[in-house]
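Per-entry structural report
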Amino acid sequence: MVTENKSSVTYFEVLERASSFLKEIRHSSFVAEWLMRERLNWSKTELILNYKNEMPVEEREQFEKDFKEFLKGKPMQQIIGHEWYYNRKFKVTKDTLIPRPETEEWQDRVLKELPEKALTVLDIGTGTGVLAITDKLERPQDQVTATDISADALAVAKENAETLEADIAFKQGDLLEPVAGERFDLVLCNPPYISQNEIEVMDQSVLDYEPKGALFAEDEGLEIYKAIAHSIKDYLAADAQLFFEIGYQQGEKVQEIFKEAFPKATIEIWQDFNRQDRVVAVYTQNCG
């Protein structure tokens, strides 16, 4: 036990023992602090101000439970039930992928580059809803639609939108199927893109706890990009922009897929803060 069954311990003592244990097993000690703060809904400052106070038994027992779940491999975001994205709290469950900083980074770049005018926006495979909701909250003028094939994921996204007061049109169905007849200025998509060949190098906690349908795609992970590229022209307004998150080894292949579909478009590969290929950006200006 992290607290060694002592009847009276402070928040600092509990945190210090948990952090030391994590260091011994070569895990980041940040996990212990994050689990404690997020469960208690405290800021870093609030945690520090409470360091010397005795930790109530019920809070200590909950922390012990959370800590044990993490040691078994469960992601800390699923233990607590949320993750932060663009300074907002998003609910996560076993039915959704956990939002990643790499996604937040490229969406921030997109938001900074967009014109001020109102856009029609489509988020394909919305998951927790982070892309659609963040666009709507940062750009209230936009009309945003989000789709997902999973009813369970869509329920989470709807709850996040309601909690954060974002007006999003949610539609269930496969890829572009739910938005037949509509046209969009901006398309955002973080699709399943992991190849079955990559399973051996993946974190076991991802394989055990995150939805495989949102992770893996056939054809070396390229299946979804090909399906969208071959059918999306009829769904685009003039001068549309499309942004697709990709796997770090897929940049040139995905770029070629969209070059074939949009020969006159400007197509870029963006790298993330780890200098890995992360996004294929398609600008269809003057494509006719």
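Heads up: these notes are all about the structure in this document. (Residues numbered from 1 in each chain as written. Predicted model: local features only at pLDDT ≥ 70, side-chain atom pairs only at ≥ 80, totals over all residues. Heavy atoms only, no water.)

This next bit is on the packing of helix H6 (residues 101-113) against helix H7 (residues 130-138). Taken N-terminus to C-terminus, the directions of H6 and H7 make an angle of 35°; their axes are 11 Å apart at the nearest point. Every pair of crossing elements has a handedness; the one defined by H6 and H7 is right-handed. Residues Thr103, Trp106, Gln107 and Leu111 of H6 form the contact with H7, whose own contacting residues are Val130, Leu131, Thr134, Asp135 and Glu138. Here the residues of the contact of H6 with H7 sort into four nonpolar, three polar and two charged. (Axes fitted to C-alpha atoms, helices over the stretch in contact; angles between N-to-C directions. Helix = DSSP H or I, 4+ residues; strand = E, 2+ residues; numbered from the N terminus. Left-handed = near helix turned anticlockwise from the far one by under 90°. Contact = heavy atoms within 4.5 Å. Nonpolar A, V, L, I, M, F, W, Y, C, P; charged D, E, K, R; others polar.)

To summarise the sheet geometry, strands pair through backbone hydrogen bonds and adopt either a parallel or an antiparallel arrangement. Strand order in this open sheet of seven strands is E5-E4-E3-E6-E7-E9-E8, and the pairing throughout is mixed. The sheet terminates laterally at strand E5 (169-172) and strand E8 (266-271), the two strands that pair on one side only. Taken pair by pair, the neighbouring strands of this sheet meet at an average axis angle of 15°, ignoring direction. Sheet analysis places strand E6 (residues 184-189) next to strand E7 (residues 236-245), joined by five bridges and oriented parallel. (Pairing = 2+ DSSP bridges.)

Quick look at empty space enclosed by the protein now. Scanning the entire structure with this criterion turns up one cavity of 30 Å³ or more. Each pocket or cavity is described by its volume, and for the largest cavity that value is around 40 Å³. Along its surface, the largest cavity is lined by Leu35, Met36, Arg39, Leu40, Met55, Glu59, Gln62 and Phe63. If you tally residues by element for the lining of the largest cavity, the top one is helix H2 (residues 30-40), at four residues. (1 Å grid on protein atoms, 1.4 Å probe; cavity = no way out; pocket = protein on both sides within 12 Å on 5 of 7 lines; lining within 4 Å. Points joined across faces, edges and corners; volume = space filled by probe spheres on them.)

A few words on the nonpolar core. Residues Val187, Tyr225, Ile232, Phe258, Phe262 and Val282 are the most contacted members of the largest nonpolar core, which totals 30 residues. Those elements that provide at least two residues to this core are strand E3 (120-124), E6, helix H10 (223-229), E7, helix H11 (251-261) and strand E9 (277-283). Trp106, Leu119, Leu131 and Ala161 belong to the second largest nonpolar core, which has 28 residues in total. (Core = buried A, V, L, I, M, F, W, Y, C linked by side-chain atoms within 4.5 Å. Buried < 20%, exposed > 50% of the residue type's maximum accessible area, 1.4 Å probe, protein only.)

Attention shifts here to a nonpolar patch on the surface. On the surface, Phe21, Ile25 and Leu71 cluster together into a nonpolar patch covering about 230 Å² of accessible area. Take Leu71: it is sitting in helix H4 (residues 57-71). Overall, Leu71 belongs to the partly exposed group, its relative accessible area being 37%. (Patch = residues over 30% accessible without salt bridge, like charges linked within 9 Å, V, L, I, M, F, W, Y side chains within 5 Å. Areas by Shrake-Rupley, 256 points an atom, 1.4 Å probe, with all protein chains shown as cover. Salt bridge = Lys/Arg side-chain N within 4 Å of Asp/Glu carboxyl O.)

Moving on, we get to the pairing of strand E4 (residues 143-148). Every regular strand shows the same layout, with side chains that alternate between the two sheet faces. Within E4, five of the six residues are buried, which leaves it mostly tucked inside the rest of the structure. Sheet analysis places E3 next to E4, joined by five bridges and oriented parallel. Its bridge partner lying in E4, Thr120 is registered against Gln143. Note on the crossover from E3 through H7 to E4: the handedness is right-handed. As defined by bridge partners, E4 adjoins E5 across four bridges and the pair is classed as parallel. In the strand pairing of E5, Ala146 is matched with Phe170. In this view, the connection linking E4 to its parallel neighbour E5 by way of helix H8 (residues 151-164) has right-handed handedness. (Right-handed = clockwise from strand over helix to strand, strands pointing away.)

Attention now moves to H11. Those residues of H11 that sit buried are Gly251, Val254, Gln255, Ile257, Phe258 and Ala261. Burial along H11 is one-sided: seen end-on, the buried residues are contained in an arc of 155°. Across H11 from its buried face, at more than 90 degrees, point the exposed residues Glu252 and Glu260. For H11, the elements touching its buried residues are H10, E7, E8 and E9. (Arc of directions from axis to C-beta.)

Take it as geometry only, folks, not as evidence of what the structure does.
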